[in-house]
Amino acid sequence: MAPKYKFTYFYGRGRGEPTRLIFAAAGVEFDDVRITLDQWPKVKDSLPAPMGQLPFLEVAGGVTLCQSMSIARFAAKETGLAGKTNLEQAQADMFVDEISELLPKLAGAVFASDEAVKAEKAKEVDKMIPEKLGRLEKLSGANGHLVGDSLLWCDLVVFNVAFNVENYKPGTLKNYPKLTKVMDTVKANKRIADWIAKRPETKF
């Protein structure tokens, strides 16, 4: 039987990786459709993307969802990773909302081709990283989870952003011991470790 979920995004991690990590952590099979930047202009009009952009998630039954964090939040609820209570869910959303702004800013600094633009974007990112991570560090639990005592989608979203931060500026996370512990918890999850081992190596 075909998987219940078909997820379509670009070849890299970017905004799509949280949903992939959620399905991987939950052991949920899904169709992982990856489109290269060269392919995108050629296939854009033929794809069932409700808003004409990636990512989108096709759910068995004929419904297609778009917007990366809406998809990830839905996947978290479907797989039991959204939070055990309404309060935990709200706390998880709080962490996700706080860190999500950093990812596109970081991408801008990584991929800018003009050196002057790149320097300006890097300056903004270098200011934003300690602000965002500092707030998360202050609010994070000390037991290897941002919220509660089990893996939630906020741990995976923060892991995805922090992974890119470390690639951008190695050693940054050492200044945030509670977040480092969250990273270690996520990496120690066997399903996540298996996913990381098999996913394509990409810049971002």
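A short tour of the structure in this document, coming up. Since this is a predicted model, take the numbers as computed values, not measurements.

As for the pairing of strand β1 (residues 5-10)
Right, so step 1: In terms of strand pairing, β1 meets strand β3 (residues 56-59) through four bridges, oriented antiparallel. When the sheet's bridge partners are listed, Phe7 is paired in β3 with Leu57.
Right, so step 2: Considered for its hand, the β-α-β crossover made up of β1, helix α1 (residues 17-26) and strand β2 (residues 31-35) is right-handed.

Some remarks on the environment of Ile192
Right, so step 1: Relative to the helices and strands, Ile192 resides in helix α9 (residues 190-198).
Right, so step 2: Look at Ile192 and you get buried, because its relative accessible area is 0%.
Right, so step 3: A sequence separation of eleven residues divides Ile192 from Lys203, and the C-alpha atoms of the two residues are 19 Å apart.
Right, so step 4: For Ile192, the contacting residues outside a window of four places in its chain are Leu21, Ala25, Leu156 and Val186.

Brief notes about the packing of α1 against α9
Right, so step 1: At a closest axis distance of 8 Å, the pairing of α1 and α9 adopts a crossing angle of 130°. Classified by the interaxial angle, the pair formed by α1 and α9 is oblique. Two packed elements cross with a definite hand, and for α1 against α9 that hand is right-handed. Packed against α1, whose contacting residues are Glu17, Arg20, Leu21, Ala24, Ala25 and Ala26, the element α9 presents Arg191, Ile192 and Trp195 at the interface.

A short note on the side chain of Asn160
Right, so step 1: On the secondary structure map, Asn160 appears in helix α7 (residues 153-168).
Right, so step 2: Reaching out from Asn160, the side chain makes a polar contact with the backbone oxygen of Gly14 at a distance of 3.2 Å.
Right, so step 3: Setting aside its immediate chain neighbours within four residues, Asn160 contacts Arg13, Gly14, Glu17, Pro18, Leu21 and Leu103.

Observations concerning the nonpolar core
Right, so step 1: Of all hydrophobic cores here, the largest spans 61 residues; its most connected members are Ile22, Ile99, Leu146, Trp153, Cys154 and Leu156.
Right, so step 2: Sorting elements by how many residues they give to this core places α7 first, with nine residues.
Right, so step 3: Once you skip the residues sitting within four places of it in the chain, Ile99 turns out to touch Lys132, Leu133, Leu136, Val157, Val158 and Val161.

Definitions and limits used
- Residues numbered from 1 in each chain as written.
- Predicted model: local features only at pLDDT ≥ 70, side-chain atom pairs only at ≥ 80, totals over all residues.
- Heavy atoms only, no water.
- Pairing = 2+ DSSP bridges.
- Helix = DSSP H or I, 4+ residues; strand = E, 2+ residues; numbered from the N terminus.
- Right-handed = clockwise from strand over helix to strand, strands pointing away.
- Buried < 20%, exposed > 50% of the residue type's maximum accessible area, 1.4 Å probe, protein only.
- Contact = heavy atoms within 4.5 Å.
- Axes fitted to C-alpha atoms, helices over the stretch in contact; angles between N-to-C directions.
- Parallel < 35°, antiparallel > 145°, perpendicular 65-115°, else oblique.
- Left-handed = near helix turned anticlockwise from the far one by under 90°.
- Polar contact = N/O pair within 3.5 Å; in protein donor to acceptor, adjacent residues only side chain to side chain.
- Core = buried A, V, L, I, M, F, W, Y, C linked by side-chain atoms within 4.5 Å.

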